[in-house]
Structures are given as structure tokens and as C-alpha cells.
Amino acid sequence: MSQALQAAPQEDRRRWMAVLARASRTDLQARIADLPALPPHARLRGPETGLMMLRGRAGGDGAPFNLSEITVTRCAVSLPDGQVGHAYVTGRDLAQAELAALVDAALQDPARRQAILDVVIEPLAAAQAEAAAAQSRKAAATRVQFFTMATMR
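Residues numbered from 1 in each chain as written. Predicted model: local features only at pLDDT ≥ 70, side-chain atom pairs only at ≥ 80, totals over all residues. Heavy atoms only, no water.

Things to note about unusual backbone geometry
Of note, the bond from Gly46 into Pro47 is cis; its omega dihedral lies within 30 degrees of zero at 10°. Within the secondary structure, Pro47 sits in strand S1 (residues 42-57). (Helix = DSSP H or I, 4+ residues; strand = E, 2+ residues; numbered from the N terminus.)

Right, here's the structure in full:
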């Protein structure tokens with residue numbers, strides 16, 4: 001299999017993993033309720049909670065520095081057909097991490113993928129994009145421009 005063919009599924013999985021990581025438990029449960037029953041799963045790891053270090057960069061592109069720690073919950077599950085799903089979510093919600101891992105595992109099955117993308121991932125991604133745009137608009141409304149500083153030189 002060529003690298004181009006392998007890269008596309010990896011990019012798809014990165015995208016749905018990012019959407020699942022940002023989705024709340026209630027949003028996941030609401031979306032999963034619209035699907036046929038997901039298969040039973042076995043826990044491989046967790047869900048368990050720990051800390052991760054957040055790193056920042058001065059000015060956005062300067063030298064990296066340790067900014068803070070954040071609470072993260074991770075989980076890994078296995079489906080009867082051998083698919084393994086993983087999830088890392090911020091916070092301490094064990095059920096959220098397990099649901100996200102279960103959806104990740106189910107998405108790896110080509111027979112289930114399109115239905116889950118249509119019912120779960122795409123609506124969540126659209127809602128997350130709208131929330132980000134609303135936050136960006138709110139921040140832009142409070143932007144201060146220092147025209148007088150530029151003209152005083």
C-alpha cells in the first residue's frame with residue numbers, strides 16, 4: 001500500500017480523535033443514542049486520570065516553556081472484532097473517556113464508519129467550529145488598536 005493511501009486514514013483518524021477529545025460526555029451520549037447499538041467492548045486500560053504538562057511559547061514562536069499542568073483522563077478499549085480504540089480527554093470524566101475510546105474503535109470498522117461520521121463526528125465538529133467562531137468574534141469585538149502610537153513616530 002502506498003504512503004498516500006496510508007496517510008488519508010491517519011488524517012481522518014486524527015480529525016475524529018480531535019473532535020472526540022473536545023466533545024463533552026452529554027454531547028457524545030446524545031449523538032450515540034441516534035446510532036444502532038455499538039458492540040460490547042473490553043477495557044484494555046483505564047479509564048484513568050493523571051496530569052499532563054502544558055507547554056507554551058513566548059510570542060507564539062519563541063522558546064518553549066512549561067506553562068501549567070492539566071488533568072487528563074485516558075482510556076483504551078477493544079471490540080470483539082479486534083479493533084482497539086483510544087481516547088485522551090481533559091478533565092476527570094471517566095465515562096467521557098470510555099465513550100470516546102469506544103467511538104474511536106467503532107470508527108475503525110469500515111462497515112460502521114460512514115454512519116458514525118454522519119451521526120456523531122460531523123455534527124460535533126460543526127458545533128465545535130461554531131463555538132470557536134463565536135469565541136473568536138467575541139474576542140475580536142474587544143480588540144484595541146493603537147493608531148495614535150503609530151502616528152506619533
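More follows now that the structure is in view.
So, the packing of helix H3 (residues 94-107) against helix H4 (residues 110-141)
Relative orientation and spacing of two packed helices are given, respectively, by the angle between their axes and the distance between those axes. Where H3 contacts H4, the two axes come as close as 8 Å, and the packing angle between them is 140°. Relative to H4, H3 is oriented oblique. Counted together, Val103, Ala106 and Leu107 of H3 and Arg112, Arg113, Ile116, Leu117 and Ile121 of H4 form the full contact between these two elements. (Axes fitted to C-alpha atoms, helices over the stretch in contact; angles between N-to-C directions. Parallel < 35°, antiparallel > 145°, perpendicular 65-115°, else oblique. Contact = heavy atoms within 4.5 Å.)

Structural notes on a nonpolar patch on the surface
Residues Leu54, Phe65 and Leu67 make up a contiguous nonpolar surface patch of roughly 260 Å² in combined accessible area. The topology assignment puts Leu54 in strand S1. (Patch = residues over 30% accessible without salt bridge, like charges linked within 9 Å, V, L, I, M, F, W, Y side chains within 5 Å. Areas by Shrake-Rupley, 256 points an atom, 1.4 Å probe, with all protein chains shown as cover. Salt bridge = Lys/Arg side-chain N within 4 Å of Asp/Glu carboxyl O.)

Re the nonpolar core
The biggest cluster of nonpolar side chains holds 27 residues, and the ones touching the most others in it are Leu20, Leu28, Leu107, Ile116, Val120 and Ile121. Looking at this core, the elements that each hand over two or more residues are helix H1 (3-22), helix H2 (25-32), strand S2 (64-78), strand S3 (84-90), H3 and H4. Here this core gets 9 residues from one element, more than from any other, and that element is H3. When near neighbours in sequence (up to four residues on either side) are disregarded, Leu107 contacts Trp16, Arg113, Ile116, Leu117 and Ile121. (Core = buried A, V, L, I, M, F, W, Y, C linked by side-chain atoms within 4.5 Å. Buried < 20%, exposed > 50% of the residue type's maximum accessible area, 1.4 Å probe, protein only.)

Description of the pairing of S1
As paired elements, S1 and S2 share 13 bridges and run antiparallel to each other. Looking at the pairing, Thr49 lines up with Thr73 of S2. Count of turn residues in the S1/S2 antiparallel hairpin: 6 residues, of which Gly59 carries a positive phi of about 75°. (Pairing = 2+ DSSP bridges.)

Some points on the pattern of salt bridges
Applying the stated criterion across every chain yields a total of 9 salt bridges. For Arg14, the salt bridge identified is with Glu11, shortest N-O distance 2.3 Å. Of this pair, Arg14 and Glu11 both sit in helix H1, 3 residues apart, which is roughly one turn of the helix. The partner of Arg25 in a salt bridge is Asp93, with the nearest N and O atoms 2.8 Å apart. Taken together, the residues span a long stretch of sequence, with Arg25 in helix H2 and Asp93 in the loop between S3 and H3 at a distance of 68 residues. Where salt bridges share partners, they join Asp81, Asp109 and Arg112 into one cluster.

Scope: geometric values only; no functional claims are made or implied.
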